[in-house]
Amino acid sequence: EAGVTQFPSHSVIEKGQTVTLRCDPISGHDNLYWYRRVMGKEIKFLLHFVKESKQDESGMPNNRFLAERTGGTYSTLKVQPAELEDSGVYFCASSQRWHEQYFGPGTRLTVT
Amino acid sequence: AQSVTQLDSQVPVFEEAPVELRCNYSSSVSVYLFWYVQYPNQGLQLLLKYLSGSTLVKGINGFEAEFNKSQTSFHLRKPSVHISDTAEYFCAVSAPLQGAQKLVFGQGTRLTINP
């Protein structure tokens with residue numbers, strides 16, 4: 001069974017540009033989560049989808065971040081426009097049962 | 001709201017020695033507790049979890065953790081470590097009875113095994 005995949009693995013963009021991160025969950029997992037780890041700090045929750053609906057988006061930092069999950073399958077996280085403080089590692093996780101979240105390898109975003 | 005404190009940012013130990021990674025949490029409601037491990041260039045992997053029942057939880061790779069409600073702790077232990085245990089370890093809590101499935105993580109502990 002394939003695990004959670006994320007693309008790209010690394011992205012370097014300039015301040016003000018747009019970046020879109022993609023997450024493909026494990027097949028059949030209704031729950032999809034986005035987390036972020038800024039350098040030197042803890043991993044923080046961004047939002048939670050149940051199928052295509054946003055269940056909890058309390059961790060989204062501001063309106064420059066837009067997450068979508070069309071059709072309840074893969075999800076994208078767009079940052080527009082990117083700022084320096086957006087640099088970090090973005091993790092995606094999926095689960096069928098909430099207490100067993102499977103994480104992807106992460107996307108390392110560097111904003112220069 | 002919940003918070004997690006991992007008391008050590010780095011822990012160096014010798015191979016075959018025992019190790020304990022400390023985790024304390026704060027919450028006004030009942031929580032579930034988790035330990036995750038991140039090996040180099042990989043995603044986070046669930047080591048073990050405490051949902052209910054026995055306070056001593058056994059996980060993968062010989063790790064175990066004990067939930068102590070009075071001390072609000074969930075320390076991770078292994079009696080004899082191997083080079084392959086070199087990784088970053090994360091303690092996390094969740095309060096799903098409040099309707100939120102999100103994990104709240106500690107800052108991580110980097111475990112380094114020396115030969």
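Preceding block: the structure.
These lines cover the structure that appears in this document, whether it is placed above or below. Everything quoted here is computed from the prediction, not taken from an experiment. For every chain, the first residue of the written sequence is number 1, and numbering continues from 1 onward in sequence order. Each chain takes a letter, starting from A, and each ligand takes a number, starting from 1, following the order in which they are written. Thresholds applied to this predicted model are a pLDDT of at least 70 for local features of residues and 80 or more for the giving and counting of side-chain atom pairs; totals over whole chains, interfaces and linings are not thresholded and use all residues. The side-chain quantities take in all heavy atoms of the structure and omit both hydrogens and water.

1. Some points on the side chain of His29 of chain A
All names here are of chain A.
Alright, step 1. By the criteria applied, helices consist of DSSP H or I runs no shorter than four residues and strands consist of E runs no shorter than two, each listed in order from the N terminus. Looking at the element boundaries, His29 is found in the loop between strand S3 (19-24) and strand S4 (31-37).
Alright, step 2. We define a polar contact as two N or O atoms separated by no more than 3.5 Å, with the added condition that, inside protein, one atom must be a possible hydrogen donor and the other a possible acceptor, whereas residues neighbouring each other in sequence contribute only through side-chain atom pairs. At 3.3 Å, the side chain of His29 and the backbone nitrogen of Ser95 are in polar contact.
Alright, step 3. The criterion used for residue contact is that any of the two residues' heavy atoms lie within 4.5 Å. Once residues within four sequence positions are removed from consideration, His29 is found in contact with Arg69, Ser94, Ser95, Gln96 and Tyr102.

2. A closer look at the pairing of strand S5 (residues 32-38) of chain B
Residues and elements named next belong to chain B.
Alright, step 1. Across the seven residues that make up S5, a large majority, six, are buried.
Alright, step 2. Bridge count between S5 and strand S10 (residues 87-94): seven bridges; the pairing is antiparallel. In the sheet register, Leu33 faces S10, and the bridge partner there is Val93.
Alright, step 3. Strand pairing follows a simple DSSP-based rule, namely that at least 2 bridges must link the two strands. The pairing of S5 with strand S6 (residues 44-50) spans six bridges and is classified as antiparallel. Bridge pairing in S6 links Tyr36 to Leu46.
Alright, step 4. Linking S5 back to S6 in an antiparallel pair, the connection comprises five residues, with Asn41 at a positive phi of about 65°. Burial classes follow relative accessibility: with a 1.4 Å probe on protein chains only, a residue under 20% of its type's maximum area counts as buried, one over 50% as exposed, and anything between as partly exposed.

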